[in-house]
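# An overview of the molecular structure
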Amino acid sequence: MNLLKINGTMKLRDFIEPLAEYFNLSDIEINEMYPSGNGHVFYDRISWALSYLNMAGLLDKPKRGIYKINEKGISLLDTPEKVDKYIEQQLEKREPARQKKKTTQEQLALEDSSSELTPQEKLYSSFSNIRKSIYTEILNTILTKTPVSFEKLVVLLLQKMGYGGEIENSGLVTKVSNDGGIDGIIKEDVLGLGRIHIQAKRYRIDNPIGREEIQKFVGALAVAQSNKGVFITTSYYSKGAIEYANNLNGSTTLVLIDGKQLAEYIYDYGLGMQVEQTIEIKKLDADFWDSMKDDE
């Protein structure tokens, strides 16, 4: 509000530079995007802050996108420590019925949530927490299935990710009795000249894959005369395993997918998943509203 007191009226974008300087933000922090890629976090925080100040009656908007501090806002600047409490009280007055209907559990949830987060940031945070819980559920479910079922799952996943393209029967799970260290194969072309070989290990989440397992798989790739391999596990890889895979010569390409990445791929590509709920968030179409004449 001090900026508005000094400058009179300001547009939202006019707050970015002085506030970034005041909070000593880096270029990375200023330009940080939401996980969806839809909008800048810092810009959105400024927008919500101005909206709250406006709803609390401390700022006026003489025109769309223009902000001006009013007399109430100026007087409240004399006691800045009271601003947050005043805004909270004014917002509660706007929705008294909603406040009365809140259960004790909801009130505790609100108190636990960070007051520094905007509603959009809280939404993304909740979404992220939901995804993480589903990732855990995916891995726990896989661990209840047979090793052969897991091998079939990873072949289906790679096909879902686009490997094998439109080729009929592009995915193959090898026979358990004679797999030669190869659990599955993806044909990349009709003639089968290009192939991706797969190793799938359904290990407990706390049981890591070591360097020796990766070396054995690379040996199996050499026997199969293949230079493309994907090692997939429900657990994780030791430091030695990762270093070995990263230091392979250029003739062999090996991709390691751990449990976390596996769960993310299954979720993102919708393998064995169904949409539970879709939330649509809309914002004002600036071109539409700017085409309308402002009240003088």
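Before reading on, note that the structure itself is shown above.
Note that the structure is a prediction, hence the values are computed from the model and not measured.

## A word on the packing of helix α11 (residues 211-223) against helix α12 (residues 239-246)
Packing of α11 against α12 leaves a shortest axis separation of 7 Å and a crossing angle of 30°. Classified by the angle between their axes, α11 and α12 sit roughly parallel to one another. Residues Arg211, Ile214, Gln215 and Val218 of α11 lie in contact with α12, whose contacting residues are Gly240, Ala241 and Tyr244. Its residues assigned to classes, the contact of α11 with α12 shows 4 nonpolar, 2 polar and 1 charged.

## Let's talk about the packing of helix α9 (residues 119-142) against helix α13 (residues 259-268)
Running from amino to carboxyl end, α9 crosses α13 at an angle of 105°, the nearest separation of the two axes being 9 Å. When the axes of α9 and α13 are compared, the pair comes out roughly perpendicular. Residues Phe127, Arg131, Ile134, Tyr135, Ile138, Leu139 and Ile142 of α9 lie in contact with α13, whose contacting residues are Gly259, Leu262, Ala263, Glu264, Ile266, Tyr267 and Asp268.

## Examining the side chain of threonine 234
By the secondary structure assignment, threonine 234 is in the loop between β7 (228-233) and α12. A polar contact is formed between the side chain of threonine 234 and the backbone oxygen of tyrosine 203, at a distance of 2.4 Å. With residues near it in sequence (within four places) discarded, threonine 234 still touches Leu139, Ile142, Leu143, Phe150, Lys201, Arg202, Tyr203, Ile205, Gly259 and Leu262.

## Remarks on a nonpolar patch on the surface
Together, Leu284, Phe288, Trp289 and Met292 give the surface a local cluster of nonpolar side chains, amounting to about 420 Å² of exposed area. Exposure remark for tryptophan 289: the relative accessible area of 36% places this residue in the partly exposed category.

## Some details on unusual backbone geometry
Although it is not a glycine, asparagine 24 adopts a positive phi angle of roughly 55°. If you trace the backbone, asparagine 24 turns up in the loop between α2 (16-22) and α3 (27-30). A residue is classified by how much of its surface remains accessible, and asparagine 24, at 68% relative accessible area, is exposed.

## Details of the sheet that holds strand β1 (residues 9-11)
Two pairing modes exist for strands in a sheet, parallel and antiparallel, and in both the strands are linked by backbone hydrogen bonds. Here we have 3 strands laid out as an open sheet, ordered β1-β3-β2, and antiparallel in their pairing. Looking at the sheet topology across the chains shown, the edges are occupied by β1 and β2 (59-60). Bridge count for β1 against strand β3 (residues 66-69) is 3 bridges, and the pairing is antiparallel. Across the sheet, residue methionine 10 finds its bridge partner in β3, namely tyrosine 67.

## What about the sheet that holds strand β8 (residues 253-257)?
The sheet built from 5 strands is open, its strands ordered β4-β5-β6-β7-β8 with mixed pairing. Only two strands of the sheet have a single neighbouring strand rather than two, namely β4 (171-173) and β8. This sheet shows a mean twist of 20° between the axes of neighbouring strands, independent of strand direction. Two strands pair when backbone bridges link them, and β7 and β8 are joined in this way by 5 bridges, in the parallel orientation. Across the sheet, the residue bridging to isoleucine 232 is isoleucine 257, located in β8. With respect to the sheet, α11 is in contact with β6 (195-201), β7 and β8, its orientation differing from that of β7 by roughly 145°.

## What about the pattern of salt bridges?
On inspection of all chains with the given rule, the structure shows 5 salt bridges. In this structure, arginine 131 engages aspartate 268 in a salt bridge whose closest nitrogen and oxygen atoms are separated by 2.6 Å. Remark: aspartate 268 occurs in helix α13 and arginine 131 occurs in helix α9; sequence separation between them is 137 residues. Taking the relative accessible area as the measure of exposure, arginine 131 reaches 17% and is therefore buried. Aspartate 268 gets classed as partly exposed once you look at its relative accessible area, which sits at 46%.

The rules behind these values
- Residues numbered from 1 in each chain as written.
- Predicted model: local features only at pLDDT ≥ 70, side-chain atom pairs only at ≥ 80, totals over all residues.
- Heavy atoms only, no water.
- Axes fitted to C-alpha atoms, helices over the stretch in contact; angles between N-to-C directions.
- Helix = DSSP H or I, 4+ residues; strand = E, 2+ residues; numbered from the N terminus.
- Parallel < 35°, antiparallel > 145°, perpendicular 65-115°, else oblique.
- Contact = heavy atoms within 4.5 Å.
- Nonpolar A, V, L, I, M, F, W, Y, C, P; charged D, E, K, R; others polar.
- Polar contact = N/O pair within 3.5 Å; in protein donor to acceptor, adjacent residues only side chain to side chain.
- Patch = residues over 30% accessible without salt bridge, like charges linked within 9 Å, V, L, I, M, F, W, Y side chains within 5 Å.
- Areas by Shrake-Rupley, 256 points an atom, 1.4 Å probe, with all protein chains shown as cover.
- Salt bridge = Lys/Arg side-chain N within 4 Å of Asp/Glu carboxyl O.
- Buried < 20%, exposed > 50% of the residue type's maximum accessible area, 1.4 Å probe, protein only.
- Pairing = 2+ DSSP bridges.

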